[in-house]
Amino acid sequence: MDIDQTDGFRLGAALRLSGTVNGLPGSHALWAVVQDPSNDTYFIPGDPCTVTAFTSWKCDDLPAGLNSSAGKTYMVHVALVDAYGAHAIAAYDTAVRLGERKAGLATLPDHIELLEHVVARRTG
């Protein structure tokens with residue numbers, strides 16, 4: 001698993017993250033997970049990363065509820081997620097978008113394995 005972006009990349013109105021992967025299990029997907037290190041909260045977008053030809057991937061969706069001022073630093077992880085984890089993410093995303101819960105998770109649901117990360121800085 002490799003991430004094309006390096007530490008210090010800009011996190012703007014959209015999440016633009018990409019890289020390569022080898023040996024992705026067919027029943028799993030890659031997902032971006034944004035972690036706020038100041039309070040150890042995780043934010044997850046409603047859609048997985050797009051994987052092409054089983055080797056290249058990209059993530060474009062910014063998680064709901066990730067509202068912060070310019071300059072704030074985050075850790076952006078790429079996670080391996082199975083069907084159970086995807087179901088938990090979908091339920092979380094729906095609840096946030098409907099206003100049934102606040103954005104951000106104190107712990108990640110089971111079946112979500114963080115693989116690699118880069119440090120990103122929020123832009124205005």
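Residues numbered from 1 in each chain as written. Predicted model: local features only at pLDDT ≥ 70, side-chain atom pairs only at ≥ 80, totals over all residues. Heavy atoms only, no water.

Caption draft 1: Main features of the environment of glycine 23. Tracing the backbone shows glycine 23 in the loop between β3 (17–20) and β4 (29–36). Overall, the relative accessible area of 69% leaves glycine 23 in the exposed class. Distance in space between the C-alpha atoms of glycine 23 and threonine 55 is 8.1 Å, their sequence separation being 32 residues. (Helix = DSSP H or I, 4+ residues; strand = E, 2+ residues; numbered from the N terminus. Buried < 20%, exposed > 50% of the residue type's maximum accessible area, 1.4 Å probe, protein only.)

Caption draft 2: Summary view of the sheet that holds strand β1 (residues 2–3). Pairing within the open sheet is antiparallel, and its four strands lie in the order β1-β3-β7-β6. Whereas interior strands pair on both sides, the edge strands pair on one side only; in this sheet they are β1 and β6 (50–52). In the sheet, β1 pairs with β3 via two bridges, with the strands oriented antiparallel. Along β3, the bridge assignment pairs isoleucine 3 with glycine 19. (Pairing = 2+ DSSP bridges.)

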